[in-house]
Amino acid sequence: RNDASDTTRGTFVSTSLEHGSSRLGSDLLFIRSLTQAYYFRPWKNVVFASAARYGAVKPLAGQTLISSLRFFAGGARTVRGVPEDSLGGLDFFDDPIGGRGLLTLNQEMRFPMYRWLRGVVFVDTGNVFPEASGVRLSELVGSTGVGLRLVTPFALFRVDYGRTIWNRPAPDSGQWVFGIGQTF
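Note that the structure is predicted; figures quoted are calculated from it, not measured.

Chemist: Just checking my understanding: could you explain the overall build of the protein chain for this structure?
Modeler: Along the protein chain, the regular secondary structure elements total zero helices and eight strands. In sequence order, the secondary structure elements of the protein chain are arranged as β-β-β-β-β-β-β-β. Over its C-alpha atoms the protein chain spans a radius of gyration of 18 Å, differing by no more than 12% from the 16 Å that the globule rule assigns to 184 residues. Projected onto the principal axes, the alpha-carbon positions of the protein chain cover approximately 55 × 40 × 30 Å. Residue burial in the protein chain is summarised as follows: out of 184 residues, 39% are buried. Put simply, of all contacts in the protein chain between residues at least 6 apart along the chain, 55% involve residues at least 24 apart. If you average the places of the 20 positive and of the 15 negative side-chain charges in the protein chain, the two averages end up 10 Å apart.

Chemist: Before we go on, may I ask you to explain the nonpolar core in this structure?
Modeler: Soluble globular proteins tend to pack their nonpolar side chains together in the buried interior. Within the largest apolar cluster, 13 residues are counted, with the highest numbers of intra-cluster contacts made by Phe 71, Ala 73, Val 82, Leu 87, Leu 102 and Val 128. When neighbours within four sequence positions are excluded, Leu 87 is seen to be in contact with Ala 73, Gly 74, Val 79, Val 82, Gly 126, Asn 127, Val 128, Val 141 and Pro 169. Counting five residues, the second-largest nonpolar core is a separate cluster that includes Tyr 38, Ala 49, Ala 51 and Phe 184.

Chemist: What's the story with the side chain of Arg 80 in this structure? I'm lost.
Modeler: Counting through the fold element by element, Arg 80 comes out in the loop between strand E3 (46-59) and strand E4 (101-114). Within the local environment of Arg 80, its side chain forms a polar contact with the side chain of Thr 183, the two groups lying 3.1 Å apart. With residues up to four places along the chain from it excluded, the contact list for Arg 80 reads Gly 75, Glu 108, Phe 122, Asp 124, Ser 143, Arg 149, Asp 160, Gly 162, Val 177 and Thr 183.

Chemist: Looking at this structure, I do not really get a nonpolar patch on the surface. What am I missing?
Modeler: On the surface, a cluster of nonpolar side chains totalling about 440 Å² of accessible area is made up of Trp 43, Phe 48, Met 109, Val 121 and Val 146. Structurally, the position occupied by Trp 43 is in strand E2 (residues 30-43).

Chemist: Quick question: what am I supposed to make of the sheet that holds strand E5 (residues 117-129) here?
Modeler: Within a beta sheet, neighbouring strands are joined by backbone hydrogen bonds and run either parallel or antiparallel to one another. Here we have eight strands laid out as an open sheet, ordered E1-E2-E3-E4-E5-E6-E7-E8, and antiparallel in their pairing. Pairing within the sheet leaves two strands with one partner each, and these edge strands are strand E1 (10-20) and strand E8 (174-180). Neighbouring strand axes in the sheet, compared pairwise and without regard to direction, differ in orientation by 15° on average. Bridging between E2 and E3 involves 14 bridges; their strand directions are antiparallel. Following the sheet pairing, Tyr 38 is matched in E3 by Ala 51.

Chemist: Help me out: how do you make sense of the pairing of E3 in this one?
Modeler: For a regular strand, the rule is simple: side chains alternate between the two faces of the sheet. Between E2 and E3, which pair antiparallel one after the other, the connecting turn spans two residues, and Lys 44 there sits at a positive phi close to 55°. Relative to E4, E3 runs antiparallel, the two sharing 10 bridges. Its bridge partner lying in E4, Gly 55 is registered against Leu 102.

Chemist: For this particular structure, what's the right way to read the packing of aromatic side chains?
Modeler: Geometry of an aromatic ring pair is reported as the spacing of the ring centres plus the angle between the planes. Counting across every chain of the model gives five aromatic pairs. Their ring planes at 15° and their centres at 5.8 Å tell us that Phe 12 and Tyr 38 sit as a pair that is stacked. Separated by 26 residues along the polypeptide, Phe 12 in strand E1 and Tyr 38 in strand E2 bring together distant segments of the chain. The exposure class assigned to Phe 12 is partly exposed, which follows from its relative accessible area of 29%. Residue class for Tyr 38 comes out buried when judged on its relative accessible area of 11%. In this arrangement the basic side chain of Arg 80 is found over the ring face of Phe 122, its NZ or CZ atom lying 3.7 Å from the centre. Over the ring of Phe 184 we find Arg 110, and its NZ or CZ is 5.4 Å from the ring centre.

Chemist: Would you explain unusual backbone geometry in this entry?
Modeler: Of note in the backbone geometry, Lys 44 takes a positive phi value of approximately 55° without being a glycine. Tracing the backbone shows Lys 44 in the loop between E2 and E3. Positive phi outside glycine occurs at Ala 61, with the angle close to 55°. Its location among the elements puts Ala 61 in the loop between E3 and E4. By relative accessible area, which is 68% here, Ala 61 ends up exposed.

The rules behind the values
- Residues numbered from 1 in each chain as written.
- Predicted model: local features only at pLDDT ≥ 70, side-chain atom pairs only at ≥ 80, totals over all residues.
- Heavy atoms only, no water.
- Helix = DSSP H or I, 4+ residues; strand = E, 2+ residues; numbered from the N terminus.
- Rg over C-alpha atoms; globule rule 2.2 N^0.38 Å.
- Buried < 20%, exposed > 50% of the residue type's maximum accessible area, 1.4 Å probe, protein only.
- Contact = heavy atoms within 4.5 Å.
- Lys, Arg positive; Asp, Glu negative; His and termini not counted.
- Charge placed at Lys NZ, Arg CZ, Asp CG, Glu CD.
- Core = buried A, V, L, I, M, F, W, Y, C linked by side-chain atoms within 4.5 Å.
- Polar contact = N/O pair within 3.5 Å; in protein donor to acceptor, adjacent residues only side chain to side chain.
- Patch = residues over 30% accessible without salt bridge, like charges linked within 9 Å, V, L, I, M, F, W, Y side chains within 5 Å.
- Areas by Shrake-Rupley, 256 points an atom, 1.4 Å probe, with all protein chains shown as cover.
- Salt bridge = Lys/Arg side-chain N within 4 Å of Asp/Glu carboxyl O.
- Pairing = 2+ DSSP bridges.
- Axes fitted to C-alpha atoms, helices over the stretch in contact; angles between N-to-C directions.
- Phe/Tyr/Trp six-rings, centres within 6.5 Å; stacked < 30°, edge-to-face > 60°.
- Lys NZ or Arg CZ within 6 Å of the ring centre and 35° of its normal.

What follows is the structure, encoded as structure tokens:
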């Protein structure tokens, strides 16, 4: 990437692998991986930004997977248009359940508007799944929306509005998202 905080061209790919093993002194026995890929391509004054994330986690030796090892999706950095971490369901206390499998795909078109102000049009899709082997494209939740970016010498501020367009988790869902820095 040409700039880690406001990329306009390049590629970024990363994979992490975690293993909880009793040989290393861990009480939690699991294997977890997360792969992320980002691609940025300029065309005239427009930047096309793409992101894909895939994650899988498996508890070992019959253990129950604790929530901090599960994957969560929905909200500011994954699927704008649904509440934060809400995909995959909620428990009795309305807390996110998360899942053992994760798939998110994002596409943005970023363009200049006026001086320090930029616009964004996006399509996001993703979900978390109870089992890593249960990732299904037909179960992805999709959203689309628009946003503004204010580029200052200190930080990039963003505001986005996303609305689900397929596999809506709740009727008439739409969310405002505020943040610092690009979504990805």
